[in-house]
Amino acid sequence: MCGIVGYIGPEEALPVLMNGLKRLEYRGYDSAGVATIDGGLTIGKKVGKVTELEKLIAANPPGGTIGIGHTRWATHGEPNDINAHPHTDQFGEIALIHNGIIENYATIKKTLESDGYTFRTQTDTEVLVQLIRAFYDKGNSLERAFRLALKSVVGTYGVAMISTIEPDRIYAARNGSPLAIGIGDGEYILASDASAIVQHTRHVTYLTDGEMAILERDKYTTKTIDDIPVTKEIEEITFDIGELEKGGYEHFMLKEIFEQPDTIRNAMRGRLQRDESTVRLGGLRTVTEKLRDARRIIIVACGTSWHSALVGEYMFEQLAGIPTEVEYASEFRYRDPVIFKDDLVIAISQSGETADTLAALREAKRRGATAIGIVNVVGSTIARETEAGVYAHAGPEIGVASTKAFTSQLMVLALMTVKLARMRRMGAAEGAQILKAFEELPAKIEETLAHAEQVRAIAHTYAGARNFLYLGRGYNFPVALEGALKLKEISYIHAEGYPAAEMKHGPIALIDENMPVVFVAPDDDIYEKVISNIQEVRARSGRVIAIATEGDERIESLAEHVIYVPRTLPFLAPILNVLPLQLLSYYIAVERGCNVDQPRNLAKSVTVE
Ligand code: M6R
């Protein structure tokens, strides 16, 4: 949700900024802009993708060795050239970029207008930069004006500011929106996440809420916005630049789908404790007793991560016998949830920055629960704010539609389930059997992905459909939800996921000869029930696409298309069953000419509530 980048050092800033913006474009792509200082302040900004900005400034590139850049996901003010960041004060001396929302911008704007400040845009960000100006005009230093303005606003921000008043400084601050500082050799790179930094340095430090940084040519300073010095830990970026490239694939999403044999291996690596038929999760060591004694698990998450949470609910209840509830993070904090001290709250998030999930996590902590995280992005806010946690280790996920992070989350949930179950009621023999099934998964994922051409052909047949239904039961109901979400997100086809048996309570009215219905129908203990649901759809001329277990020949007479998936334990089946659904949505979106990696209106990391 908006990407921020800044550079100060010996090199020309522009190439660093543009490169950073391309890396961060997945965070928002409504408009892009840069500001540099080379004597005066030069600004280039343009509605649309970073390539549009590139075209705009090609003839006259802004020069200088200090600059900031922004890629926008619009909140206040429609996406157009004027509302694009950076925004400036009315004298054109201060340029500011912002990720977040200033909630009290309207009141501040009114006061500033009555004091004679004039505005050109509809954005909350322009209000912030003008407020900094107003404090500066009252005789404060630029730094103090920056701090005073930030203390006056209500809302969230990750901001970066440069000014001709102090041409060799970048000011940055965070409250709710991530900011990382790359510490290079004589240079500093500021960014919303490490993907824009790794090319320059592996050394990074992350600002936390209420902190600010001043980057100068020969040093950087960190403090709170109340002017109290803060010493920050320097961390190492763990991924490689190659992981941020498409690696020969047409889209990041396709690359990420095909990475899943490896990402599942990575999620398991070093965690299977074969001698004791259990799982070792180093990140949970400090909460072992709390895990053993927890009377209830509450999982908070959004979107795809919420779907993996639903699978987790089935896993924890069925195998570990722990009552589990799954909450939309966005609802959780506003409904006065009842939390007990022996509740275990798990926040699941790919990015580790989702504002709703973070807010739910903080609420759970405030109410005394033990809060742990299942997060993909190392060093992200949720990872740092949880008492303990398990990384998904899926590597950077660039495609806005989550794929490999979903299956890695499922894998981590399965690992946690075994850990909890073995501490409570699962015998060693069952533990050993599950570990064996874990180890077989990567090969089975490869086998499933080998059906890509068949899925592509099915996609070709249905690319013109206006609606889709996805149905599944038990562990595979969340898979149906996830399949529908993937299709909606990237192909803009209306799709609904439903528990298969619920279909007869309403959605069945939608079924006719134009309705493709995707059944997730593995050969498990509710197989017969799902077969009955398939019959009900066929009886109404619906077109059935089935995801079925290898060897199930019976389903061929019932479904128009069958995509086979290898057999595994029922609680691991979602990891395999979702793969054809990811491919189906991908190929349909490609067929429809959609922008697969950057679907309209979406952003990878949703850092506003
Ligand atoms: O980073 P998170 O896992 O917290 O993100 C949650 C959702 O915003 C995310 O899963 C979203 O639904 C994706 N676009 C799904 O493909």
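Think of each chain on its own: its residues are numbered from 1, step by step along the sequence as written. For this predicted model, a pLDDT threshold of at least 70 governs which residues receive local features, and a threshold of 80 or more governs which side-chain atom pairs are given and counted, while totals over whole chains, interfaces and linings are taken from all residues. Side-chain numbers come from the whole structure's heavy atoms, not from hydrogens or water.

A.B. asks: I'd like to hear about the overall build of the protein chain, residue by residue, with values.
C.D. replies: To qualify as a helix, a DSSP run of H or I must reach at least 4 residues; to qualify as a strand, a run of E must reach at least 2; elements of each kind are numbered from the N terminus. If you tally the helices and strands in the protein chain, you get 18 helices and 26 strands. Here the protein chain has a C-alpha radius of gyration of 25 Å; the compact-globule value for 609 residues is 25 Å, and the two agree. Burial classes follow relative accessibility: with a 1.4 Å probe on protein chains only, a residue under 20% of its type's maximum area counts as buried, one over 50% as exposed, and anything between as partly exposed. Evaluated residue by residue, the protein chain yields a buried proportion of 61% over its 609 residues. For this analysis, residues touch if any pair of their heavy atoms sits within 4.5 Å. Put simply, of all contacts in the protein chain between residues at least 6 apart along the chain, 72% involve residues at least 24 apart. The Shrake-Rupley method, run with a 1.4 Å probe sphere, supplies the accessible areas, and residue values consider only the shown protein chains as cover. When the accessible area of the protein chain is evaluated, it comes to approximately 22,400 Å², of which 48% is carbon and sulfur surface. Only C-alpha atoms enter the radius of gyration; for comparison, a globular chain is expected to reach 2.2 Å times N to the power 0.38, where N is the number of residues.

A.B. asks: Any details on the sheet that holds strand 18 (residues 324–328)? Residues and values, ideally.
C.D. replies: Paired strands are those between which DSSP finds at least two bridges. Across the sheet, which stays open at both edges, the 5 strands sit in the order 18-17-19-20-21 with parallel pairing between neighbours. Both outer strands of the open sheet, strand 18 and strand 21 (388–391), are each paired with one neighbouring strand and no more. Across this sheet, the average inter-strand angle for adjacent strands is 20°, counted without regard to direction. Across 5 bridges, strand 17 (residues 296–301) lies against strand 19 (residues 343–349) in parallel orientation. Its bridge partner being in strand 19, Arg296 is matched across the sheet by Asp343. This element, helix 11 (residues 355–366), spans strand 17, strand 19 and strand 20 (370–375) of the sheet and lies at about 165° to strand 19. Only the stretch in contact is used when a helix axis is fitted, and all axes are lines through C-alpha atoms; the angle between N-to-C directions ranges over 0 to 180 degrees.

A.B. asks: Account for the site of the ligand, naming residues and giving values.
C.D. replies: We call a residue near a molecule or strand as soon as one heavy atom of that residue lies within 4 Å of the molecule or strand. Taken together, 14 residues lie around the ligand, and Ser305, Ser349, Ser351, Thr354 and Glu489 are the ones closest in. Polar contacts, as counted here, are pairs of nitrogen or oxygen atoms within 3.5 Å of one another; within protein the pair requires one atom able to donate a hydrogen and one able to accept it, and residues that are adjacent in sequence qualify only if both atoms are side-chain atoms. The side chain of Ser351 places a nitrogen or oxygen atom 2.7 Å from an oxygen atom of the ligand. Within the side chain of Glu489, an N or O atom sits 2.4 Å from a nitrogen atom of the ligand. Coverage of the ligand by the protein amounts to 91% of the 410 Å² it exposes when considered alone. Looking at the shell around the ligand, the elements that each hand over two or more residues are helix 9 (303–320) and helix 16 (477–491). Of all the elements, helix 9 adds the most residues to the shell around the ligand, at 3 residues.

A.B. asks: Account for the sheet that holds strand 25 (residues 543–549), naming residues and giving values.
C.D. replies: Strands sit in the order 23-22-24-25-26 across an open sheet of 5 strands; the sheet is parallel. On the outer flanks of this sheet lie strand 23 (494–499) and strand 26 (561–565), each paired with one strand and no other. Within the sheet, the average angular offset between the axes of one strand and its neighbour, ignoring direction, is 15°. As judged from the 5 bridges shared by strand 25 and strand 26, these two strands associate in the parallel manner. Counted as the bridge partner of Thr549 is Val565 from strand 26. Strands in contact with helix 17 (residues 527–538) are strand 24 (516–521) and strand 25; relative to strand 24, the strand with the most contacts, it is inclined by about 170°.

A.B. asks: Can you explain the side chain of Arg27? Please cite residues and give values.
C.D. replies: Looking at the secondary structure, you find Arg27 in the loop between helix 1 (13–24) and strand 2 (31–38). For Arg27, a relative accessible area of 2% corresponds to the buried category. Residues in contact with Arg27, not counting those within four places in the same chain, are Met1, Cys2, Gly3, Trp73, Asn99, Pro178, Ser192, Asp193, Ala603, Lys604, Ser605 and Thr607.

A.B. asks: Give me the pattern of salt bridges: which residues, what numbers.
C.D. replies: When a carboxyl oxygen of Asp or Glu lies within 4 Å of a side-chain nitrogen of Lys or Arg, that pair is called a salt bridge. As enumerated under the stated definition, the model contains 45 salt bridges in all. The shortest N-O distance in the salt bridge between Asp193 and Arg27 comes to 3.5 Å. In this pair, Asp193 sits in the loop between strand 10 (188–191) and strand 11 (203–206) while Arg27 sits in the loop between helix 1 and strand 2, placing the two residues 166 residues apart along the sequence. One salt bridge connects Glu259 with Lys404, and the closest N-O pair in it is separated by 2.7 Å. Remark: Lys404 occurs in helix 13 (residues 404–424) and Glu259 occurs in the loop between helix 6 (252–258) and helix 7 (260–268); sequence separation between them is 145 residues. Using a relative accessible area of 2% as the deciding quantity, one classes Lys404 as buried.

A.B. asks: Explain the packing of aromatic side chains residue by residue, including any values.
C.D. replies: For this analysis, a ring pair means two rings from Phe, Tyr or Trp (six-membered ring only for Trp) whose centres lie within 6.5 Å, classed as stacked if their planes differ by under 30 degrees, edge-to-face if by over 60, and tilted for the remaining angles. Counted by the stated rule, this structure contains 9 aromatic pairs. Measuring from ring centre to ring centre gives 6.3 Å for Tyr462 and Phe468, while their planes differ by 75°; the resulting arrangement is edge-to-face. The burial state of Tyr462 is the same as that of Phe468; both residues are buried. Ring pairs connect the aromatic residues Tyr462, Phe468 and Tyr470, which therefore count as one cluster. Cation placement over rings: the criterion is NZ of Lys or CZ of Arg within 6 Å of the ring centroid and within 35° of the ring normal. Lys138 extends its terminal NZ or CZ atom over the ring of Phe135, reaching a point 5.4 Å from the ring centre. The positively charged end of Arg600 is found above the aromatic ring belonging to Tyr492, 3.9 Å away from the centroid.

A.B. asks: An account of the packing of helix 15 (residues 452–462) against helix 18 (residues 573–591) is requested, with residue identities and associated values reported.
C.D. replies: The N-to-C vectors of helix 15 and helix 18 enclose an angle of 50°; their axes lie 8 Å apart at closest approach. In terms of orientation, helix 15 lies oblique with respect to helix 18. As for the relative orientation of helix 15 and helix 18, their crossing is right-handed in sense. Here Ala452, Val455, Arg456, Ile458, Ala459 and His460 of helix 15 come into contact with helix 18, specifically with Pro580, Leu583, Leu584, Tyr587, Ile588 and Glu591. The labels follow the angle: roughly parallel below 35 degrees, roughly antiparallel above 145, roughly perpendicular from 65 to 115, and oblique for the rest. Handedness of a helix crossing follows the sense of rotation of the near helix relative to the far helix, less than a right angle counterclockwise being left-handed and clockwise being right-handed.

Functional significance is not addressed by these values, which are geometric in nature.
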